[in-house]
Amino acid sequence: MRAVITTANGDVRVMKVEERPDPKPAKGEVLVRVKAAGLNFADILARQGLYPDGPPKPCVMGYEVSGVVETVGDGVDPAKIGQPVIAMTRFNGQAELIAVPEMQVFEKPAKLSFEKAAAIPVNYLTAWALIVAMGGLQRDEAILIHNAGGGVGLAALDIAKHIGAKTLGTASPSKHSFLKERGLDHAIDYRHQDWLPRLMELTNGRGVELAIDPLGGKNWEKSYRALRATGRMGMFGMSVASASGIRGKLRALKAVAQMPRFNPLKLINRNRGVFGLNLGHMWGEGEKVAGWTREIMRGVEEGWVRPHVDRAFPFAQIGDAHRYMEERKNIGKVVLVP
Ligand SMILES: NC(=O)c1ccc[n+]([C@@H]2O[C@H](COP(=O)([O-])OP(=O)(O)OC[C@H]3O[C@@H](n4cnc5c(N)ncnc54)[C@H](OP(=O)(O)O)[C@@H]3O)[C@@H](O)[C@H]2O)c1
């Protein structure tokens, strides 16, 4: 099979497509012939050498695929062979074939193309965990979604709108008109202005009940200041560190040095909460994640989960796909197709 290989830390030139032996499904696993694989910001950070959870290089990244069941291992119903599916994969998804435990495989909704289906797992599960499971967003509360035009950002917008919250989002200005079409109440340009005063103005000086922040570094301090009483902040990424080579390492160090330290007594007296999420550390909670996935699939059927694929790049154009995301050009999801 062909697979997308991150050969070393570096710029997009380290990305290659190479032949690898076909995987065989072990007991309880399903072998999926991949039709589309999601590209995530974690894949960019891994290539830059800034993703501690990534496998040692050379490696095949990829947390999610859509495809067709090619064959099954012992203990799995052979009737599954030929079924279109979505799967969550612990790396190795960006390849023509992948063997996955059955519990991580879900029927692909018929109304979604393979490309749109591959855009669901990471983005919607992350947004679900942040907004529903941990953030407890309620109707008529206000949410601040940073990077609202990205993959997780658009998923968060779908979920927050379904809940009936007021939505505010930061994004590059080129993404604002699309975000308004998708229902974002207020788009804030955070690239050319300080976003916090604008957010306060839009919320009559009160702030929001939930802020979800993948930027990291000193931005977490600022998002914390954007909370009103009972407000919660979910931290889940470090996009500010993104850069290849020594620049990336320096930015990561700076981001760590600038992180806020939260004082429990201040949290008590300000009636605020902070929490963190790493979906990649939820593999031991398969039942819980499967439950969230079923809720998201219900959303697909009901029409409020609307995965948006910006572009599908063939495996052979993996460098272009990385560059596209790294240069902040994507609106919603980027997927790879064999
Ligand atoms: N903890 C978890 O479990 C988890 C899971 C999934 C994703 N994440 C994190 O969530 C964030 C979004 O991930 P995603 O896969 O959905 O990516 P994405 O948002 O689709 O793409 C990246 C976007 O981030 C914004 N951005 C902000 N600072 C940036 C920088 N320094 N360099 C490049 N882009 C920057 C850009 O949008 P604008 O400039 O237009 O805003 C860019 O388009 C990432 O930090 C990722 O690591 C965390």
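Residues numbered from 1 in each chain as written. Predicted model: local features only at pLDDT ≥ 70, side-chain atom pairs only at ≥ 80, totals over all residues. Heavy atoms only, no water.

A. Region of interest: the sheet that holds strand S12 (residues 227–235). Across the sheet, six strands lie side by side as S10-S9-S8-S11-S12-S13; this open sheet has parallel pairing. Since the sheet does not close on itself, it has two edges, and those belong to strand S10 (186–189) and strand S13 (273–276), each with one partner. Shown here is a sheet whose adjacent strand axes are inclined to one another by a mean of 15 degrees, direction ignored. Inspection of the sheet shows S12 paired to S13 by four bridges, in the parallel sense. (Pairing = 2+ DSSP bridges. Helix = DSSP H or I, 4+ residues; strand = E, 2+ residues; numbered from the N terminus. Axes fitted to C-alpha atoms, helices over the stretch in contact; angles between N-to-C directions.)

B. Examining the pairing of S12 more closely. In this sheet, S12 lies alongside strand S11 (residues 208–213) in parallel orientation, the contact comprising five bridges. Directly across from Asp-213, in S12, lies its bridge partner Met-235.

C. Looking closely at the environment of Asn-92. Looking at where Asn-92 falls in the secondary structure, it is placed in the loop between strand S5 (84–88) and strand S6 (97–101). For the pair Asn-92 and Phe-315, spaced 223 residues apart in sequence, the C-alpha separation works out to 13 Å. If we skip the residues at most four places from it in the chain, Asn-92 touches Val-60, Met-61, Gly-62 and Ile-98. (Contact = heavy atoms within 4.5 Å.)

D. Geometry of the packing of aromatic side chains. Per the counting criterion, the structure on display carries four aromatic pairs. The ring of Tyr-224 has Arg-272 lying over it, and the distance from NZ or CZ to the ring centre is 4.8 Å. (Phe/Tyr/Trp six-rings, centres within 6.5 Å; stacked < 30°, edge-to-face > 60°. Lys NZ or Arg CZ within 6 Å of the ring centre and 35° of its normal.)

E. Highlighting the nonpolar core. Among the nonpolar cores identified, the biggest contains 46 residues, and Ile-131, Ile-143, Ile-212 and Trp-292 are the most heavily contacted of them. Among the elements of the structure, S5, helix H3 (121–134), strand S8 (142–145), helix H4 (151–163), helix H5 (176–181), S11 and helix H10 (286–302) are those that each provide at least two residues to this core. Those residues in contact with Ile-212 that sit more than four places away from it in its chain are Leu-130, Ile-131, Leu-144, Ile-145, His-146, Ala-156, Gly-234 and Phe-236. Membership of the second largest hydrophobic core comes to 19 residues, among which are Leu-144, Trp-195, Val-208 and Met-233. (Core = buried A, V, L, I, M, F, W, Y, C linked by side-chain atoms within 4.5 Å. Buried < 20%, exposed > 50% of the residue type's maximum accessible area, 1.4 Å probe, protein only.)

F. Here's a closer look at a nonpolar patch on the surface. Together, Ile-246, Leu-250 and Leu-253 make up an exposed nonpolar region whose accessible area comes to about 350 Å². Overall, Leu-250 belongs to the exposed group, its relative accessible area being 52%. (Patch = residues over 30% accessible without salt bridge, like charges linked within 9 Å, V, L, I, M, F, W, Y side chains within 5 Å. Areas by Shrake-Rupley, 256 points an atom, 1.4 Å probe, with all protein chains shown as cover. Salt bridge = Lys/Arg side-chain N within 4 Å of Asp/Glu carboxyl O.)

G. Molecular detail of H4. The end-to-end C-alpha separation of H4 is 19 Å, in line with the 18 Å expected for 13 residues at 1.5 Å each. The element H4 is largely enclosed, with a buried count of ten among its 13 residues. Those residues of H4 that fall on the buried side of the exposure criterion are Gly-151, Val-152, Gly-153, Leu-154, Ala-155, Ala-156, Leu-157, Asp-158, Ile-159 and Ala-160. Next to the buried residues of H4 lie H3, S8, strand S9 (166–171), H5, S11 and strand S15 (333–337). Positive backbone phi, approximately 95 degrees, marks Gly-164, located one or two places after H4. (Expected span 1.5 Å × (residues − 1).)

H. Layout of the site of the ligand. Around the ligand, the structure places 28 residues, and the nearest of them are Gly-151, Tyr-190, Ser-239, Leu-279 and Asn-330. Here an oxygen atom of the ligand sits 3.0 Å away from a polar atom, N or O, in the main chain of Phe-41. When the ligand sits alone it has 910 Å² of accessible area, and the protein chains cover 93% of it. Listing elements by their share of the shell around the ligand, those giving two or more residues are H3, H4 and helix H11 (318–326). (Near = heavy atom within 4 Å. Polar contact = N/O pair within 3.5 Å; in protein donor to acceptor, adjacent residues only side chain to side chain.)

I. How the structure looks around H3. Of all the bends found along H3, the most pronounced is centred on Trp-128 and spans about 30 degrees. Burial runs high along H3: eleven of the 14 residues are buried. For H3, the set of buried residues is Pro-121, Val-122, Asn-123, Tyr-124, Leu-125, Thr-126, Ala-127, Trp-128, Ala-129, Leu-130 and Ile-131. Phi for Gly-136, located one or two positions after H3, is positive at around 50 degrees. (Bend = angle between axes of the 7 residues up to and from the residue.)

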